Amino acid sequence: MKRITCAILAIISILCSFTACGGDNTPKEVDVNAVYNEVAAAVTIPDFIELTENDIVDYVAVDTADLKQMKVQISAEAISADQIVICEAVDAAAAERVVAAFATYLDSVKNQFKNYLPSEYAKMEDTEVQRSGNYVYYAVSSEADKIEDIFDKYFK
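Quick caveat, the model's predicted, so the values are computed rather than measured.

So, how was this worked out
- Residues numbered from 1 in each chain as written.
- Predicted model: local features only at pLDDT ≥ 70, side-chain atom pairs only at ≥ 80, totals over all residues.
- Heavy atoms only, no water.
- Phe/Tyr/Trp six-rings, centres within 6.5 Å; stacked < 30°, edge-to-face > 60°.
- Helix = DSSP H or I, 4+ residues; strand = E, 2+ residues; numbered from the N terminus.
- Buried < 20%, exposed > 50% of the residue type's maximum accessible area, 1.4 Å probe, protein only.
- Polar contact = N/O pair within 3.5 Å; in protein donor to acceptor, adjacent residues only side chain to side chain.
- Contact = heavy atoms within 4.5 Å.
- Expected span 1.5 Å × (residues − 1).
- pLDDT = per-residue confidence, 0-100.
- Core = buried A, V, L, I, M, F, W, Y, C linked by side-chain atoms within 4.5 Å.

Undergrad: Describe the packing of aromatic side chains, listing the residues and the values that go with them.
TA: What the rule picks out here adds up to seven aromatic pairs. Where Tyr137 meets Phe155, the ring centres are 4.5 Å apart and the plane angle is 20 degrees; that geometry is what we call stacked. Taken together, the residues span a long stretch of sequence, with Tyr137 in strand β5 (residues 135-140) and Phe155 in helix α6 (residues 144-155) at a distance of 18 residues. Using a relative accessible area of 1% as the deciding quantity, one classes Phe155 as buried.

Next comes the structure, spelled out in structure tokens:
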């Protein structure tokens, strides 16, 4: 009887471990404007300029054919490094290209602020472009922790 009970418990344990690993970590469909609106309601947003598709091509070198939707806001003031970037790529390969383009752009901006305004550089020093499924996002802000919590709600 003990052997049967042990065997049943072992089978149940194995089945439970398979179900635990079977979860889908891909975020559900997310409206990037809704994410941005929640961020804007939760933190103080400086004067931002919304980058257009043409701006993205010129400044970030992202092929807009790689993007399904985007919300890219940068500070309107040259003395502020604040940025909020939320994009959905059309597929995984496109998401990799979008991450690479924004990482290059972010590194360039970091280098500019490192010598120009060290206090602003401090806000962005540890910022990295993040990816979850086809979503690419990051924030540079003095309230980045709050923004990251909102991002986690949608993308983790």
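Undergrad: Residues and numbers for the side chain of Glu120, please.
TA: Residue placement: Glu120 occurs in helix α5 (residues 118-124). Classification of Glu120 as buried rests on a relative accessible area of 12%. A distance of 3.0 Å separates a polar atom in the side chain of Glu120 from a polar atom in the side chain of Lys123. In this structure Glu120 touches Ile79, Ser80, Ala81, Asp82 and Phe113, once residues within four positions along its chain are discounted.

Undergrad: Which residues make up helix α4 (residues 92-116), and what values go with them?
TA: Taking 1.5 Å of rise per residue, 25 residues should cover 36 Å, and α4 covers 36 Å from first to last C-alpha, within 8% of that figure. Those residues of α4 lying buried are Ala94, Ala95, Val98, Val99, Ala101, Phe102, Tyr105, Leu106, Val109, Lys110 and Phe113. The elements touched by buried residues of α4 are α3 (53-60), β2 (67-75), β3 (83-89), α5, β4 (130-132) and β5. One side-chain oxygen at the N-terminal end of α4 lies 3.2 Å from the backbone nitrogen of Ala93; it belongs to Asp91.

Undergrad: Report on the confidence of the model for the protein, specifying residues and quantitative values.
TA: Taken residue by residue, the protein gives an average pLDDT of 86. The fraction at 70 or more is 83%. pLDDT under 50 marks residues 1-24. Its contacts with residues more than four places away, or in other chains, come to zero contacts.

Undergrad: Could you give me a rundown of the nonpolar core, with the residues and numbers involved?
TA: Ranked by size, the top nonpolar core spans 28 residues in total, and within it Ile56, Val62, Val72, Phe102, Met124 and Tyr138 carry the most contacts. Elements that contribute at least two residues to this core include exactly α3, β2, β3, α4, α5 and β5. Here this core takes 10 residues from α4, the largest share from any one element. Those residues in contact with Met124, other than ones at most four positions away along the chain, are Ala81, Gln83, Leu106, Val109, Lys110, Phe113 and Val140. Among the nonpolar cores identified, the runner-up in size contains 16 residues, and Phe48, Ile84, Tyr137 and Phe151 belong to it.

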